[in-house]
Amino acid sequence: QVQLVESGGGLVQAGGSLRVSCAASGRTFSSYGMGWFRQAPGKEREFVAAISWSGGSTSYADSVKGRFTISRDNAKNTVYLQMNSLKPDDTANYYCAATTTGRPMTRRINYDYWGQGTQVTVSS
């Protein structure tokens, strides 16, 4: 069992930056692939970024490629999402998730554990 707790969300102006974090419980964190998803009001939850268990492989949605960076620190049981050049369309609740596959999966169905989310609001 893995528990995930997101933090770092908030209000930022368009063009600004924000880093959200996801702290995981459990000694097996380093074996999980980790992902970030987001959900805006009235929309489905969508893939943002993912990282393999070692950090050696990543995947990004086209909408955030070049602006967002996912990373992880297995010693701290934490995964990060650095978001730069933020746009109002990035406004959403951001969720982290863990997959026992260890790979940077892009589909929600492949994830086994989810956090409660952290709100990111980008003002124009």
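Please refer to the structure placed before this passage.
So, here is what we can say about the structure in this document. Not measured: the values here are computed from a predicted model.

1. A few points about the side chain of Thr-99
- Relative to the elements of secondary structure, Thr-99 occurs in strand 9 (residues 92–99).
- Taking the relative accessible area as the measure of exposure, Thr-99 reaches 0% and is therefore buried.
- A polar contact of 2.9 Å, which involves the side chain of Thr-99, links it to the backbone oxygen of Asn-110.
- Residues contacting Thr-99, with those up to four places away along its chain left out, are Tyr-32, Gly-33, Met-34, Met-105, Asn-110, Tyr-111 and Asp-112.

2. Observations concerning the side chain of Glu-6
- On the secondary structure map, Glu-6 appears in strand 1 (residues 4–7).
- Among buried Asp, Glu, Lys and Arg side chains, Glu-6 stands out as unpaired, with Arg-45 the closest opposite charge at 7.3 Å.
- A polar atom in the side chain of Glu-6 sits 2.9 Å from the backbone nitrogen of Cys-96.
- A distance of 2.9 Å separates a polar atom in the side chain of Glu-6 from the backbone nitrogen of Gly-117.

3. Section: the packing of aromatic side chains
- Here the structure, examined in full by the defined rule, presents five aromatic pairs.
- Aromatic pair Phe-37 and Phe-47: ring centres 5.7 Å apart, planes at 70°, arrangement edge-to-face. In this pair, Phe-37 sits in strand 4 (residues 33–39) while Phe-47 sits in strand 5 (residues 46–51), placing the two residues ten residues apart along the sequence. For the pair shown, Phe-37 and Phe-47 are each scored as buried.
- Members of the aromatic cluster, connected to one another through ring pairs, are Phe-37, Phe-47, Tyr-111 and Trp-114.
- Seen from the ring of Phe-29, Arg-72 lies directly overhead, with NZ or CZ sitting 4.5 Å from the centre.

4. Side note on the sheet that holds strand 1
- Strand order in the open sheet formed by four strands is 1-3-8-7, and the pairing between neighbours is antiparallel. The sheet terminates laterally at strand 1 and strand 7 (68–73), the two strands that pair on one side only. Adjacent strand axes in the sheet meet at a mean angle of 15°, parallel and antiparallel pairs treated alike.
- Of the pairings in the sheet, the one linking strand 3 (residues 18–24) to strand 8 (residues 78–83) comprises six bridges and is antiparallel in character. By the bridge assignment for strand 8, Ser-21 is matched with Tyr-80.

5. A closer look at the environment of Lys-87
- Relative to the helices and strands, Lys-87 is located in the loop between strand 8 and strand 9.
- Taking the C-alpha atoms as reference points, Lys-87 and Ser-17, 70 residues apart in sequence, are found 9.8 Å from one another.

6. Notes on the pattern of salt bridges
- As enumerated under the stated definition, the model contains four salt bridges in all.
- As a salt-bridge pair, Arg-38 and Glu-46 come within 2.7 Å of each other at their nearest N and O atoms.
- Owing to a relative accessible area of 6%, Arg-38 belongs among the buried residues under this scheme.
- You can call Glu-46 partly exposed: its relative accessible area is 36%.
- We note a salt bridge from Arg-67 to Asp-90, for which the minimum N-O separation is 2.8 Å. Here Arg-67 is found in the loop between strand 6 (58–60) and strand 7, whereas its partner Asp-90 is found in the loop between strand 8 and strand 9, with 23 residues between them in sequence.
- Relative accessible area serves as the criterion here: at 11%, Arg-67 is assigned to the buried category.
- On the accessibility criterion, Asp-90 (1% relative accessible area) is buried.
- Linked by salt bridges that have partners in common, Arg-38, Glu-46, Arg-67 and Asp-90 make up one network.

Definitions and cut-offs
- Residues numbered from 1 in each chain as written.
- Predicted model: local features only at pLDDT ≥ 70, side-chain atom pairs only at ≥ 80, totals over all residues.
- Heavy atoms only, no water.
- Helix = DSSP H or I, 4+ residues; strand = E, 2+ residues; numbered from the N terminus.
- Buried < 20%, exposed > 50% of the residue type's maximum accessible area, 1.4 Å probe, protein only.
- Polar contact = N/O pair within 3.5 Å; in protein donor to acceptor, adjacent residues only side chain to side chain.
- Contact = heavy atoms within 4.5 Å.
- Lys, Arg positive; Asp, Glu negative; His and termini not counted.
- Salt bridge = Lys/Arg side-chain N within 4 Å of Asp/Glu carboxyl O.
- Phe/Tyr/Trp six-rings, centres within 6.5 Å; stacked < 30°, edge-to-face > 60°.
- Lys NZ or Arg CZ within 6 Å of the ring centre and 35° of its normal.
- Pairing = 2+ DSSP bridges.
- Axes fitted to C-alpha atoms, helices over the stretch in contact; angles between N-to-C directions.

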